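Okay, here's what each chain looks like letter by letter:
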Amino acid sequence: MQHSAVPEAEQGREALRFASQAGFVSKPKTLKAEDSPQAVACSPEADLLRHEIIRAGRKLWERQYVDGNGGNISVRIGSRYVLCTPTMVSKGDLEPDDICLSDLEGNILAGDRLRTSELLLHLEIYKSNPRACAVMHCHPPYATAFAVTGATPPNGLITEYEIFIGPAAVAPYETPGTQAFAETVRPFVEDHNTILLTNHGIVCWADTVTHAEWLVEIFETCCKTYLLARQIGQPLSLIPDSKIKEILALKQRMGLPDARLAGCSEKPVAPRGKDAADLERLVEQVVARLEERD
Ligand SMILES: [Zn+2]
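To start, this report covers the structure provided alongside it. Just so it is clear, the model here is predicted, and its values are computed rather than measured.

Looking at the packing of helix α3 (residues 44–62) against helix α8 (residues 209–232)
Orientation of α3 relative to α8, taken along the N-to-C sense of each, is 15°, at an axis distance of 9 Å. It follows from the interaxial angle that α3 and α8 lie roughly parallel. The crossing of α3 and α8 is right-handed. Residue-level inspection shows Glu 52, Ile 53, Arg 55, Ala 56, Lys 59 and Leu 60 of α3 in contact with α8, the latter providing Val 209, Thr 210, Glu 213, Trp 214, Val 216 and Glu 217. Of the residues contributing to the contact of α3 with α8, the split by class is six nonpolar, one polar and five charged.

Given below as C-alpha cells:
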C-alpha cells in the first residue's frame, strides 16, 4: 500500500501499478488472520495506513471536498478489520491517534475516539464487494450539485472519467448514518466505483486510500468540466463509439470496474492489427499521464 513517505518516483511506479493492476485488490503482506485486534492496531501496516488516511484527509480538506467535520475515510486491514476516521474531527486535522480500528460490524476495537456513524456505509461496501479495500465519502461541491439533482454527468465526453470511473451510479436518499442509508449503495457497488448519494455527496471505493482519493478528484473535475463546457454554448464533442469500445477493452485488460462491461453479454474483445496498436498507444498515453510525463 502506498503511504505518505513514498517519494515522487515511487509514486509514479505506484500509479503505473494502479493502471495495470487487475481487480483493484491489494492486501497487507504480514498480518495473519489470527492476529488480535491490538496486534493489528499496533502493526507497521496500521501505521502506514493511518498516515495514508491522514494524507488523503488533508487533500480532501485542502481541495474543499469536505466541510466542517464532514466526510470519512476507511481502509481494510487484515481480513477482519478496518481502520476508519472518527466522528467530529475535520479531515484536515487528523492525527494518528484519531484513527480507530473497527471490525466489519462497526464495533470499535482500538482507539479512543468514536467512529463516524457513516462507517456503516463503508462496511456495507466492504461486505458487498471484496475488491473494495478502501472507501472514501465526501461532499465535493460540483459532484454534490449533481447529487442534489439525482443525475450523473454524461459519459462519452472526458477520457479520464471513461477510463477510471465509467458510468457513476445514483443511490436513493436516506437519512445519513443509518443502516438504511448504508444499504442504498448495495445494488451498485459491484460495477460502480463511484456512487452519488442523493442530496448528500459521493462515495468511492478502490484498492487503496490514495486511489479512492484519486477517483474523488477525477469525478469532481469531470462534474466541473462538464458544467463549464455546457456554459460555452457550443455543441459538446462526443468521443466516438468505436473509441469508447477501445477504452472498455482497455479497462477490461486493466481489470477496472465499469457498468458497461457488466451490462453487456458480449464483452469487448481486445482489437488486433492497427486497432491493437492504437490501443497500445492509448495505454501508453494513460500511463504517461499517470506518470506525469505529458
Ligand atoms: Zn456525508
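Quick notes on a negative patch on the surface
Together, Asp 93, Glu 95, Asp 97 and Asp 112 make up a negatively charged patch on the protein surface. Following the sequence through the fold, Asp 112 ends up in the loop between β4 (108–110) and α4 (119–128). Owing to a relative accessible area of 82%, Asp 112 belongs among the exposed residues under this scheme.

Some points on the packing of helix α5 (residues 141–149) against α8
Relative orientation of the contacting elements α5 and α8 amounts to 75°, with a least axis distance of 7 Å. Accordingly, the angle class assigned to the pair α5 and α8 is roughly perpendicular. Counted together, Pro 141, Tyr 142, Ala 143 and Phe 146 of α5 and Phe 219, Glu 220, Cys 223, Lys 224, Tyr 226 and Leu 227 of α8 form the full contact between these two elements. By residue class, the composition of the contact of α5 with α8 is eight nonpolar, no polar and two charged.

What about the pattern of salt bridges?
Opposite charge on two side chains permits them to pair, given that their charged atoms come into close proximity. Per the counting criterion, the structure on display carries 13 salt bridges. A salt bridge links Asp 47 to Arg 50, with the nearest nitrogen and oxygen atoms 3.3 Å apart. Highlighted residues: Asp 47 and Arg 50, both in helix α3, separated by three residues, approximately one helical turn. In this structure, a network of salt bridges that share partners links the residues Lys 59, Arg 63, Glu 213 and Glu 217.

What counts as what
Residues numbered from 1 in each chain as written. Predicted model: local features only at pLDDT ≥ 70, side-chain atom pairs only at ≥ 80, totals over all residues. Heavy atoms only, no water. Axes fitted to C-alpha atoms, helices over the stretch in contact; angles between N-to-C directions. Helix = DSSP H or I, 4+ residues; strand = E, 2+ residues; numbered from the N terminus. Parallel < 35°, antiparallel > 145°, perpendicular 65-115°, else oblique. Left-handed = near helix turned anticlockwise from the far one by under 90°. Contact = heavy atoms within 4.5 Å. Nonpolar A, V, L, I, M, F, W, Y, C, P; charged D, E, K, R; others polar. Patch = residues over 30% accessible without salt bridge, like charges linked within 9 Å, V, L, I, M, F, W, Y side chains within 5 Å. Areas by Shrake-Rupley, 256 points an atom, 1.4 Å probe, with all protein chains shown as cover. Salt bridge = Lys/Arg side-chain N within 4 Å of Asp/Glu carboxyl O. Lys, Arg positive; Asp, Glu negative; His and termini not counted. Charge placed at Lys NZ, Arg CZ, Asp CG, Glu CD. Buried < 20%, exposed > 50% of the residue type's maximum accessible area, 1.4 Å probe, protein only.

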